[in-house]
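# Chain and residue survey
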Amino acid sequence: MALTKNKAVLEFVDEAAKLACPDNVVWIDGSEAQLEMLRAEAVSTGELIKLNEEKLPGCYYHRSALNDVARVEGRTFICTRRQEDAGPTNNWMAPAEGYETAKKILRGSMRGRTMYVIPFSMGPVASSFAKIGVELTDSIYVVVSMAIMTRVGQAVLDKLGDSPDFVRGFHGKCELDEEKRYILQFPEDNAIWSVNSGYGGNVLLGKKCFALRIASFQGKNEGWMAEHMLILGIEYPNGETKYIAAAFPSACGKTNLAMLIPPEHYRKQGYKVWTLGDDIAWIRLGADGRLYAVNPEAGFFGVAPGTNVKSNPNALASTSRNTIFTNVVYKPEDGTVWWEGLDKNPPRGALNWKGEPWDPDSGEKGAHPNSRFTAPAKNCPCIAKNWEDPDGVPLSAIIFGGRRAKTAPLVYQSRDWEHGVFVGSIMASETTAAATGAVGVVRRDPMAMRPFIGYHVGDYFAHWLDMGKRITKKPLIFNVNWFRTDDGGNFMWPGFGENFRVLEWIIRRCEGEADAQETEIGYVPYAEDIDLDELDYNITPERKFDINALKEILGVEKEYWREDARGIEEFYATIGDRLPPELRKQLDILEENLK
Ligand code: OXD
Ligand code: MN
């Protein structure tokens, strides 16, 4: 039975049902009883496998189709009326063609299936930051995952009332045919259509499709920002907490940074890190002239491989109950799961992510490199008490970061907001397994938003610059790079919890308490100002990390930067006349400084 009298919602559901012809339409009310029934149904069809109730209470295992394990950027389209409004970083399709293409695929595709209607809120329902969506889907995996990743159910419809202001998401598994897979965003219609996929990033429409692509467009029009950023709080021994939002490309450790545990040396003094979000931040200007950030999600869709008690105990603890594991190794023997990097004991007699018997000695990976956990944020031991604060948290700093073997120093600070926007705009990173395509290739990924900006990248930069004109108490903007390697390819910086040392310097800069040296690219710390107390790290068995190594990774190597400037020129050239002149000017300054 419909859970609302909202005409726009009813019309949307009716039209979709007429097209896809499901046998049933089921409204998701958000109750545990209904979700439990759906999980049981999915277990009976094999869509989910129930895991060991004692070891992993409330947890399930899911496999996606073999051809369907990551976001498909090549098949993701921004469907704006005018092609030029999608810009050079997006694939474009005319809206009429987009709807027609998807309709052809969806027509009759839900015969014999049930269509679920998921009312969901991005952001705490009571928050003025929050936005409402309705996702239609024929996948129980999507329903139960959306119930972890967002707030779903009756309360959302009650808040929506009679308003037609909601994002219309339509997902159909169809045949899971990769040749006919389309992830279509219609920013001018507040609509998302996704067909022929069952992979989270393509089908949990609240996440990348809505909270980034559609929301970035809404934010531009409404004067706020939707960013690919984690949010964390650093609590000082005096009880005060400072907040940071940080953007990194997919699979570059956002979840790890968001849940970082400070080194013992700091913990003894009373420092703590609190997590507010690990992937997306919606950011608005507060009445006091500061920027405030809210995490629109309610769960973590994290990369499993590499997650362990050392690298991220908080993420691991988050997955200890009520979690869905996708494409990891399944151990039928005791109903638990495993992935590369969980521990050094790969199980025998287990099944790999494809469901095949797996021999850990075969040299083949058991878990897919982009295998995931979908875990409720409230499970996280370091979740901030105020993570659902409807007003968000005030930002002291914004951090950009990429995976660069050589070019970027460990950390540097932009000279001002305009320069900070430039620093974000020139972000580049070596690609990872989170999207299909070659891994390890350097690509420009401005603000880590390249696959997620729902409109023209030049207009997006202009929006950042405009926001800067309105913010009277601006956060400072930094760039970090945890991934510098030596000539042997060894990571020179220990990363993980030790990254706290850099965050601590960043906050000291924000408070005007640390000095820095001006370089060609911005302000770089004096090595002596980064606290290395009790840091114990071997770059190689022969080389220990010390202040000289720190100096090395704080270095600005002009040769690399000159090469990078050429890459930026090329990237900027693709943006054409929508590149804000302020950024062109910043590139000229950089080139001048490097002469
Ligand atoms: C993600 C991604 O899943 O960025 O967060 O791909
Ligand atoms: Mn992400």
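One structure accompanies this document, and this report is about it. In this text the structure is predicted, and so the values were computed from the model without any measurement.

### Section: the overall build of the protein
Helix and strand content of the protein: 16 helices and 31 strands. By principal-axis analysis of the C-alpha atoms, the protein measures approximately 65 × 55 × 45 Å. Here the protein holds 595 residues, and the buried ones make up 62% of them. Restricting the contact set of the protein to residue pairs at least 6 apart, pairs at least 24 apart contribute 72%. With the model as given, the accessible surface of the protein reaches about 22500 Å², and the carbon-plus-sulfur share is 49%. Here the protein carries 69 positive and 83 negative side-chain charges, and the mean point of each set is 2 Å from the other.

### Some thoughts on the pairing of strand β29 (residues 476-480)
Counted residue by residue, β29 has 4 buried out of 5 residues, so it is predominantly covered. Of the pairings in the sheet, the one linking strand β25 (residues 393-401) to β29 comprises 5 bridges and is parallel in character. By the bridge assignment, Ile398 is partnered in β29 with Ile477. Judged from the 3 bridges that link them, strand β26 (residues 411-413) and β29 form a sheet pairing that is antiparallel. Each bridged residue has a counterpart across the sheet, and for Gln413 the counterpart in β29 is Phe478.

### Here we look at the pattern of salt bridges
Overall, the coordinates contain 42 salt bridges when judged by the stated rule. Measuring nitrogen to oxygen at the nearest pair gives 3.4 Å for the salt bridge that ties Lys242 to Glu511. Separated by 269 residues along the polypeptide, Lys242 in strand β14 (residues 241-247) and Glu511 in the loop between α13 (500-510) and β30 (517-518) bring together distant segments of the chain. The exposure class assigned to Glu511 is partly exposed, which follows from its relative accessible area of 38%. Each of Arg82, Glu84, Asp85, Asp459 and Arg578 takes part in one network of salt bridges that share partners.

### Quick look at the environment of Pro409
Following the sequence through the fold, Pro409 ends up in the loop between β25 and β26. Spatially, the C-alpha atoms of Pro409 and Pro581 are 26 Å apart, while their sequence positions differ by 172 residues. Apart from the residues lying within four places of it in its own chain, the contact partners of Pro409 are Val480, Asn481, Arg484, Ile521, Ile553, Leu554, Gly555 and Trp561.

### Describing empty space enclosed by the protein
Here the structure, examined in full by the defined rule, presents 4 cavities of 30 Å³ or more. Space inside the largest cavity adds up to approximately 130 Å³. Arg404, Ala408, Met427, Ala428 and Asn479 are, among the 16 residues lining the largest cavity, the residues nearest its centre. Elements represented by at least two residues in the lining of the largest cavity include exactly β29 and α15 (558-575). Here the residues of the lining of the largest cavity sort into 8 nonpolar, 5 polar and 3 charged.

### Side note on the site of ligand 1
Neighbouring ligand 1 are 9 residues; Arg71, Lys208, Ser250, Asp279 and Arg372 lie closest to it. Interatomic distance of 2.9 Å between a side-chain N/O atom of Arg71 and an oxygen atom of ligand 1. In the environment of ligand 1, an oxygen atom lies 2.9 Å from a nitrogen or oxygen atom belonging to the side chain of Lys208. Surface burial for ligand 1 is 94%, taken as the share of its 210 Å² of free accessible area covered by protein chains. Counting atoms within 2 Å of the grid points, the majority share of ligand 1 lands in the largest pocket. Considering only residue class, the shell around ligand 1 consists of 3 nonpolar, 2 polar and 4 charged.

### Some details on the state of the cysteines
Counted by the stated rule, this structure contains 0 disulfides. Between Cys209, a free cysteine, and Cys79, which holds the nearest cysteine sulfur, the sulfur-to-sulfur gap is 11 Å. Summary of cysteine pairing: Cys380 is not part of a disulfide, and the nearest cysteine sulfur, belonging to Cys382, is at 3.6 Å.

### With respect to the coordination of the manganese ion (ligand 2)
Geometrically, a metal with four donors at the corners of a regular tetrahedron has ideal angles of 109.5 degrees, and one with six donors at the corners of a regular octahedron has ideal angles of 90 or 180 degrees. Around the manganese ion (ligand 2), the protein supplies Lys208 (NZ), His228 (NE2) and Asp279 (OD) as donor atoms, at distances of 2.1 to 2.2 Å. All donors of the manganese ion (ligand 2) come from a single chain, and their spacing in sequence reads K-x19-H-x50-D. With Lys208 in helix α7 (residues 206-222) and Asp279 in the loop between β15 (272-277) and β16 (281-285), the pair connects residues that are 71 residues apart, well separated along the chain. Like Asp279, Lys208 is buried.

### Here's the deal with the packing of helix α11 (residues 417-425) against helix α12 (residues 457-470)
Between α11 and α12, the shortest axis-to-axis distance is 9 Å and the interhelical angle comes to 155 degrees. If you check the angle between α11 and α12, you find them roughly antiparallel. For the pair α11 and α12, the crossing hand works out as right-handed. Contacts from Trp417, Glu418, Val421 and Ser425 of α11 reach α12 at Phe461, Trp464, Leu465 and Gly468. When its residues are assigned to classes, the contact of α11 with α12 shows 5 nonpolar, 2 polar and 1 charged.

Definitions and limits used
Residues numbered from 1 in each chain as written. Chains lettered and ligands numbered in written order. Predicted model: local features only at pLDDT ≥ 70, side-chain atom pairs only at ≥ 80, totals over all residues. Heavy atoms only, no water. Helix = DSSP H or I, 4+ residues; strand = E, 2+ residues; numbered from the N terminus. Buried < 20%, exposed > 50% of the residue type's maximum accessible area, 1.4 Å probe, protein only. Contact = heavy atoms within 4.5 Å. Areas by Shrake-Rupley, 256 points an atom, 1.4 Å probe, with all protein chains shown as cover. Lys, Arg positive; Asp, Glu negative; His and termini not counted. Charge placed at Lys NZ, Arg CZ, Asp CG, Glu CD. Pairing = 2+ DSSP bridges. Salt bridge = Lys/Arg side-chain N within 4 Å of Asp/Glu carboxyl O. 1 Å grid on protein atoms, 1.4 Å probe; cavity = no way out; pocket = protein on both sides within 12 Å on 5 of 7 lines; lining within 4 Å. Points joined across faces, edges and corners; volume = space filled by probe spheres on them. Nonpolar A, V, L, I, M, F, W, Y, C, P; charged D, E, K, R; others polar. Near = heavy atom within 4 Å. Polar contact = N/O pair within 3.5 Å; in protein donor to acceptor, adjacent residues only side chain to side chain. Sits in = over half its atoms within 2 Å of the grid points. Disulfide = S-S within 2.5 Å. Donors = N, O, S within 2.8 Å, 3.2 Å for Na, K, Ca; no water. Axes fitted to C-alpha atoms, helices over the stretch in contact; angles between N-to-C directions. Parallel < 35°, antiparallel > 145°, perpendicular 65-115°, else oblique. Left-handed = near helix turned anticlockwise from the far one by under 90°.

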